Amino acid sequence: MSEFAEILDTPDKNGAAATGPIRQYVTFLVDERSYGVDINLVREIKQWTPTTTLPNQPHYTRGVLNLRGTIVPVHDLRARFGGMLTEATEVHVVVIVWIGSKTVGILVDAVSDIISVPADEIRPVPSGQSLGDMSALNGLVNTENGMVALLDLNTLFPVEEDSF
Amino acid sequence: MDDDDDFDFQALFFEECNELLGTLQEHLNQLADGTGDEETVHAAFRAVHSVKGGAAAFGFDQLISFAHIFETVMDLIRSDQLDPTDEINQILLRSGDMMEVLIEAAQTGTSIDEERISVLREELEDLAKNGGASEGDDAPSDEAADPEAPQADNGGLELFSDASDDTAGTPDAKHGAHEATEEDANTPVPTQEIAVRFLPEQEFFSSGHDPLRLIRSARSLGLTSVEVQGQVPTLDSFDPNNCPLGWELVFDTDKGEEELDAFFEIYSHIATIEFIGGEQDVDEAELSSVQDANGSAGAGDDAAQAAPSSAPEDAKKPAAAPSGGAPSADGAARTATAPPAAGDQPAKRSAGSTKSLRVELSRIDRLVNLVGEMLITQAGIAQKLMEIQSQAGEDGMEMGHNVDAMSRQLRELQESVMAIRAQPVKSVFSRMPRVVRDLADKLGKEARLTLEGEHTEVDATVIEELAEPLTHMLRNSMDHGLEPNSEAREQVGKPRVGNIKLAAEHRGERVIITIEDDGRGVNRERVHKKAIEQGLVSAEDSLAPEEVDMLIFHPGFSTAEQVSSVSGRGVGMDVVKKKIVSLGGRVALESNPGKGTRFEITLPLTLAVMDGMTIVVGDQKFILPLSSVVEALHIDENARKHLPSGDVLLERRGEFLRLIDLRRVLSTPVTEHEVDMAIVVDTETDGLVALIVDELIGQRQIVLKSLEANFRRVEGISGATILGDGQVALILDVPSLLGMSGGGSYSEMMH
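Attention in this report is confined to the structure presented alongside it. Bear in mind that the values here come from a model prediction, so they are computed numbers and not experimental data.

1. Some points on the overall build of chain A
Step number 1: In terms of helices and strands, chain A carries 4 helices and 10 strands.
Step number 2: Walking chain A from its N terminus toward its C terminus, one meets helices and strands in the order α-α-β-β-β-β-β-α-β-β-β-β-β-α.
Step number 3: By the burial criterion, 30% of the 164 residues in chain A qualify as buried.
Step number 4: Taking the intrachain contacts of chain A between residues at least 6 apart in sequence as the baseline, contacts between residues at least 24 apart amount to 59%.

Next comes the structure, spelled out in structure tokens:
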């Protein structure tokens, strides 16, 4: 983690002047840990409402909800990363994102921020370590408020494109 | 195709192709049945021609060259140089099918069986030759008439392809020239001088035309001189969007006037074209040009729009027409007999008169969805109002009335919106004759498909889903229904050609589709025997004949001893039935041994809304399609019978039904209290079953929503809907639930 400490000294604000394209991420918290999703993929953020359970749904899926007339599945990020199912309450938040052509909801504890990160400050995820499910991460970014793990939604919640 | 615009145009082209193919096949069928008239041939010709024109713009070579020869033959027929015999009609029908194959291939980018094309092409080429040769005296003009259409295209082609590629037009132009020289060798044709005055109208430029291109491509027709007419206005009054100039083009050509006319035809809606001077009398020449434009009613949409623009002239002409010893005899003949049809056509198709308009389906879908939303919201309001009405007193009453009125209006709105999306079943029916023809070839049977009620309108969502089951059922009728061959039919005193009827009609809120053949009927003995062999029934069971018939819908049932390439591929009638049931429909079968079989499919008019029964299982609400619900009943503890296999049966009036605990199947949290409510549903495929539910709430109309759109197919669930409170409720797919309950309940017990 020491190399990340160094990057901490270059907060994202002044990074803009020196380095490549700026990317924006919506960050949110699960178990005090920060995750980020490309802001272009975020459709909206919604307060948790009870979902309708599907038969034989994946263990991390909370069912479906009604997003203004379309049926959207909701996945539990904590459960997806091997944790317990979130005991969702009204303070929990569902981040509605695009994955491919589909709209999907991700249940998280809270949304924290929008960060701007120069592309070259995104660090690769160390591989070959037993850090859990690392293939689902795109990269790591250090910010004033700590490290943010950028999510690779396609790997995390693969969607079947309409192929049948 | 990385160019988006181009891609859009292609999509549009293919969409149009599908419509054109429908028209083509419809008219070819009419021709073959002998029910067509003069206009039928023209319409078929136009369809081929339009496809060709479009294909040329995108460079689908295979399609172009096939359409070209096809069109040539059609042209011979429409100009009465080729008599459409039965044999020829068959070739035409198959060519129509081939067009479809080629278009599909162009669309998907796959390759095609070259051999099939070339065989068919040779047949067409033979026809083209014979047609030309049969009329000795007229040979030169025939030959001239023959390349007319292709030549017409060169103009269009040049225009289209120039836009993207300056050189693309030339090969075809050469091809045309080549053809011409060949004809020269056979029958030397004297050239003649023809002058044409070309006066572009205001929209000429804004429609994307370019006079320079026109003149360039006119060179291949023997253009000798061009003279500009008109004045360029002074700079302050000059409008670069208007074309102030006209041209006089002089051709020295061996081609007939009608050919030049065809060349200019694509401009006829956007420019005034006059044939002046030359060897022919001016009036006659002009007359023929107008007539030709109307008579052939245009090789495509361009010309269809053209017709109205020339209508004023047309009004003056009829008087002249009968006296017309017009130079292009067939042009005059055509107009003389076809004017009503030609007149109708543009009125229907022209974009100018907005009798109808083309709207993207997705826009209508959005409207349908929105109305669905409103229905849900309205239900929510009504529900809420019910709760507070008692306290709200007078005001509440009034509001209740208002909400009722709104509810009625919403229903009406919904019906109107659904009516927009309704389509005649024709779009799927018209594909079926091809299926039958293909099968007839493969099976060596003779069969004719008669269509009825093609104009019956059904929601687009249903239409999409119909093609597959209908194809299966026609396969079944062809393979199993009809006698093995024509001889066998003759022996039992039936006409050699088997008759299959496909019909559609409205009955209440549903559409009935029947498929009827005059074949052998269901071979009950064989079906019964096979069913016993496959363990579907036991030998001791005495089944009513109708029950035996219904066995063909049983999953896994197939009588085909030898797996033919047609049916018996493991895709049986059960699949058809499943599909129909999943659409909220039913299938009935009526078999008359020796006389034929009749299938009746009943379908809802739309898949956007359905009547559902709301039930509660565990802590969630679910919807059962009302069409499958038979009754709700109270489970008497004594009526429950446990089988050693773990299955539970329910005795209902002396019958035993499978009793399925939905809480277990749907893995909802099991409430402790014992429930005694069951709903008997008809699965269509597996007879009646009883489902244990916690509560029955009632029936209501629901708006169907897709789970697949954002998630994926879920076993046991056919879709979802949104309840008045905004919650999502899942719609149960009973037949597929049965499969789950078999495995599901078993594994539950193992735990």
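2. Describing the overall build of chain B
Step number 1: Helix and strand content of chain B: 26 helices and 22 strands.
Step number 2: Scored against the burial criterion, the 751 residues of chain B give a buried share of 40%.
Step number 3: Intrachain contacts of chain B at a sequence separation of at least 6 include 70% that bridge at least 24 residues.

3. A short note on the sheet that holds strand β22 (residues 728–732) of chain B
Residue and element names in this part refer to chain B.
Step number 1: Spatially, β20-β12-β13-β22-β21 is the arrangement adopted by the 5 strands of the open sheet, whose pairing is mixed. One side of each edge strand has no neighbouring strand; the edge strands of this open sheet are β20 (695–703) and β21 (717–722). Each strand of the sheet is rotated relative to its neighbour by a mean of 35 degrees, with strand direction disregarded.
Step number 2: Where β21 and β22 come together, 5 bridges link them in antiparallel fashion. Bridge assignment links Thr721 to a residue of β22, and that residue is Ala729.

4. Remarks on the interface of chain B and chain A
Step number 1: Contacts between the two partners involve 26 residues from chain B and, on the opposite side, 18 residues from chain A.
Step number 2: Listing elements by their share of the side of chain B that touches chain A, those giving two or more residues are α17 (361–421), β21 and β22 of chain B.
Step number 3: Of the residues contributing to the side of chain B that touches chain A, the split by class is 11 nonpolar, 10 polar and 5 charged.

5. So, helix α4 (residues 86–108) of chain B
Within an α-helix, residues lying three or four positions from one another point in the same direction, as the helix has 3.6 residues per turn.
All names here are of chain B.
Step number 1: Along its 23 residues, α4 runs 33 Å from first to last C-alpha, staying within 8% of the 33 Å computed at 1.5 Å per residue.
Step number 2: Regarding α4, the residues found buried are Ile88, Leu92, Arg94, Ser95, Gly96, Asp97, Met98, Met99, Leu102, Ile103 and Ala106.
Step number 3: Of the residues trailing α4, Gly109 is marked for its positive phi of about 75 degrees.

6. Description of the sheet that holds strand β10 (residues 586–592) of chain B
Residue and element names in this part refer to chain B.
Step number 1: Judged by pairing direction, the sheet is mixed, and its 5 strands sit side by side in the order β6-β8-β9-β11-β10 without closing on themselves. Each edge of the sheet is formed by a strand with only one pairing partner; in this case those strands are β6 (447–452) and β10. In this sheet, neighbouring strand axes are inclined to one another by 15 degrees on average, regardless of whether the strands run parallel or antiparallel.
Step number 2: As defined by bridge partners, β6 adjoins strand β8 (residues 498–507) across 6 bridges and the pair is classed as parallel.

7. Considerations on unusual backbone geometry
All names here are of chain A.
Step number 1: Here Glu32, not a glycine, exhibits a phi torsion of approximately 70 degrees, which is positive.
Step number 2: By the secondary structure assignment, Glu32 is in the loop between β1 (22–30) and β2 (33–38).
Step number 3: One non-glycine residue, Asn56, adopts positive backbone phi at about 55 degrees.
Step number 4: C-beta crowding within 10 Å serves as the criterion here: with 14 such atoms nearby, Asn56 is assigned to the partly exposed category.

8. What to know about the environment of Val587 of chain B
All names here are of chain B.
Step number 1: Residue position: Val587 is located in strand β10.
Step number 2: Between the alpha carbons of Val587 and Lys577 there is a distance of 6.4 Å; along the sequence they are 10 residues apart.
Step number 3: For Val587, the residues in contact, after removing those within four places along its chain, are Phe553, Val576, Lys577, Ile580, Phe599 and Ile601.

9. Some remarks on the environment of Glu39 of chain B
Step number 1: Following the sequence through the fold, Glu39 of chain B ends up in helix α2 (residues 38–58).
Step number 2: Once the C-alpha coordinates of Glu39 of chain B and His27 of chain B are considered, the two residues, 12 residues apart in sequence, prove to be 9.1 Å apart.

10. Looking at the nonpolar core
Step number 1: Among the nonpolar cores identified, the biggest contains 120 residues, and Val64 of chain A together with Leu624, Leu691 and Leu732 of chain B are the most heavily contacted of them.
Step number 2: With residues near it in sequence (within four places) discarded, Val64 of chain A still touches Thr51, Thr52, Leu54, Ile71, Val72, Pro73 and Val74 of chain A together with Leu707, Phe711, Ala720 and Val728 of chain B.
Step number 3: Formed by 40 residues, the second largest nonpolar core is a distinct cluster that contains Phe13, Leu24, Leu82 and Leu92 of chain B.

11. What to know about the pairing of strand β12 (residues 609–617) of chain B
Moving residue by residue along a regular strand, the side chains alternate between the two faces of the sheet.
All names here are of chain B.
Step number 1: Bridge count for β12 against β20 is 8 bridges, and the pairing is antiparallel. Opposite Gly612, over in β20, you have Arg700 as the bridge partner.
Step number 2: Taken together, the 6 bridges between β12 and strand β13 (residues 620–625) define a ladder with antiparallel strand orientation. Bridging across to β13, Ile615 finds its partner in Phe622.
Step number 3: Connecting β12 to the next strand, β13, in antiparallel fashion are 2 residues, including Gly618 with a positive phi near 60 degrees.

12. A closer look at the packing of α2 of chain B against helix α3 (residues 61–78) of chain B
Residue and element names in this part refer to chain B.
Step number 1: The geometry of α2 relative to α3 is characterised by a closest axis approach of 9 Å and an angle of 155 degrees between their N-to-C directions. The angle between the axes of α2 and α3 places the two elements in the roughly antiparallel class. Every pair of crossing elements has a handedness; the one defined by α2 and α3 is left-handed. On the side of α2, the interface is formed by Val41, His42, Ala44, Phe45, Val48, His49, Val51, Lys52, Ala55 and Ala56, while α3 contributes Leu63, Ile64, Ala67, His68, Phe70, Glu71, Met74, Asp75, Ile77 and Arg78.
Step number 2: Here the residues of the contact of α2 with α3 sort into 13 nonpolar, 3 polar and 4 charged.

So, how was this worked out
Residues numbered from 1 in each chain as written. Chains lettered and ligands numbered in written order. Predicted model: local features only at pLDDT ≥ 70, side-chain atom pairs only at ≥ 80, totals over all residues. Helix = DSSP H or I, 4+ residues; strand = E, 2+ residues; numbered from the N terminus. Buried ≥ 20, exposed ≤ 12 C-beta atoms within 10 Å, placed from the backbone. Contact = placed C-beta atoms within 7 Å. Pairing = 2+ DSSP bridges. Axes fitted to C-alpha atoms, helices over the stretch in contact; angles between N-to-C directions. Nonpolar A, V, L, I, M, F, W, Y, C, P; charged D, E, K, R; others polar. Expected span 1.5 Å × (residues − 1). Core = buried A, V, L, I, M, F, W, Y, C linked by C-beta atoms within 7 Å. Parallel < 35°, antiparallel > 145°, perpendicular 65-115°, else oblique. Left-handed = near helix turned anticlockwise from the far one by under 90°.

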